[in-house]
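Fold and contact review
The residues making up each chain are set out below.
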Amino acid sequence: MKNLNSSWRSPSNIALVKYWGKYDPQLPANPSLSFTLEESYTETKVEILDEEASEDFDFDVYLDYRKAEDFKPKIQKFFSRIEDELDFLRGRKFTIHTYNSFPHSSGIASSASGMSALALCLLSLSPSGAEMEEGEFFRKASEWSRLGSGSASRSLFGTLALWGKTEGIAESSDEYAIQYQGKIDPVFTSFRDTILLVEKGQKAVSSTAGHGLMNGHPFAQQRFAQAHDNMALLQKILANGDLDKFGNLVESEALTLHAMMMSSQPYFILMKPNTLQILESIWHFRKETQKPLFFTLDAGANVHLLYPESIEQEALDFVNSELKGHLKNGEYICDRVGSGPRKI
Ligand code: DP6
């Protein structure tokens, strides 16, 4: 028997309407919608070796050719959630090799790109996946990705992905994401995301623990209702290309996410002084120039600058002159809306 392997590159994504709050098994408390990124990705290769396993799911995982023991628990948890579908992995040893395009411990969540790349490799190797037509394959890969990390479900599709049952979108589901099929004004298909690295290293609160803070949160129900309203509003904005309304919605979503963390028990502030300085500079820039430059945040201190391709040069000049001083080692990553995973 020879070694069998599969390799995929899968991107990260940035949520515009945020997923924050979940219940078993990895189902979202509200729908979310994200831009798929292009330059921030994980490449993963799963190789089933011609060696007998000494236990169930006998594998080693490597990051940049170095053993990454700390990745194992999250992967094992993921396997346990889909173990009935992983019979083909039993009995033989296998390896997982993974590489991130973004700097190690840049504070960028690698779980979305990492878990989706892993799910794609596993599904490609599985006898059932090998028989699926493309649509079914990516839907199943999204479902498996979700079981690894919720936001990973959205990394399977180009441009914009939607996860969670959404009013008026019959194909939407809590179990998997879909490619957003509504009308999209062309301004959004080439949007830029410049990721400003305020803080590197481990996040103060893991996102899994963060989601847990929404259980019994005093404002949870209002927040979930707001997310549904924002999903409806965002669909209109995506269709008509109203950038002011887009920025207002996206910035409000980001600040609400952080407000939820500040008002949970225990409470956290994940923004840093430099995060706030950057947000103020963005508002100042916008007031002075009237240019459509906006921010969003994930569950950490870094800032994602979102803007149309047409103002790229001005935006980068602004980053270099006004914001760079607030960044860890002056570092930022230039990304943009991307086309989804690809087999390598
Ligand atoms: C703030 O997908 O990282 O980035 O499902 O526990 O793995 P788990 O959480 P994760 O949560 C991401 C939360 C967020 C918002 C978002 O991406 O929608």
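As shown above, the structure is provided for reference.
The sections below set out a description of the structure shown in this document. Note that this is a predicted model, so its numbers are computed, not measured.

Regarding its fold elements, the protein presents 10 helices and 14 strands. Over its C-alpha trace the protein gives a radius of gyration of 20 Å, about what one expects of a compact globule, namely 20 Å for 344 residues. Reported as C-alpha extents along the three principal axes, the dimensions of the protein are approximately 65 × 45 × 40 Å. Counting all 344 residues of the protein, 56% fall into the buried class. Restricting the contact set of the protein to residue pairs at least 6 apart, pairs at least 24 apart contribute 75%. Taken as a whole, the protein presents about 15,300 Å² of accessible surface, with 48% of it coming from carbon and sulfur.

Glancing now at the nonpolar core. Nonpolar side chains in soluble globular proteins tend to end up buried together. In this structure, Phe78, Phe79, Leu86, Ile96 and Leu122 are the most contacted members of the largest nonpolar core, which totals 36 residues. Every element with two or more residues in this core is listed here: strand E4 (32-52), strand E5 (59-63), helix H1 (72-81), strand E7 (92-100), helix H2 (111-125), helix H4 (134-148) and strand E8 (160-163). Here this core takes 8 residues from H2, the largest share from any one element. In terms of nonpolar packing, the next biggest core, distinct from the first, is built from 31 residues, Phe35, Leu37, Ile237 and Leu243 among them.

This paragraph deals with the environment of glutamate 253. As for its placement among the helices and strands, glutamate 253 is situated in helix H8 (residues 243-262). Residue classification places glutamate 253 among the buried residues on the basis of a relative accessible area of 1%. Discounting residues that sit within four places of it in the chain, glutamate 253 has contacts with Leu16, Val17, Lys18, Arg223, Gln226, Ala227 and Asn230.

Right, let's get into the side chain of serine 32. Mapped onto the fold, serine 32 is located in strand E4. Of the polar contacts made by the side chain of serine 32, one reaches the side chain of arginine 154; its length is 2.8 Å. Apart from residues lying up to four places away in sequence, serine 32 is in contact with Val17, Lys18, Tyr19, Arg154, Ala161, Leu162, Trp163 and Met231.

Cut-offs applied
- Residues numbered from 1 in each chain as written.
- Predicted model: local features only at pLDDT ≥ 70, side-chain atom pairs only at ≥ 80, totals over all residues.
- Heavy atoms only, no water.
- Helix = DSSP H or I, 4+ residues; strand = E, 2+ residues; numbered from the N terminus.
- Rg over C-alpha atoms; globule rule 2.2 N^0.38 Å.
- Buried < 20%, exposed > 50% of the residue type's maximum accessible area, 1.4 Å probe, protein only.
- Contact = heavy atoms within 4.5 Å.
- Areas by Shrake-Rupley, 256 points an atom, 1.4 Å probe, with all protein chains shown as cover.
- Core = buried A, V, L, I, M, F, W, Y, C linked by side-chain atoms within 4.5 Å.
- Polar contact = N/O pair within 3.5 Å; in protein donor to acceptor, adjacent residues only side chain to side chain.

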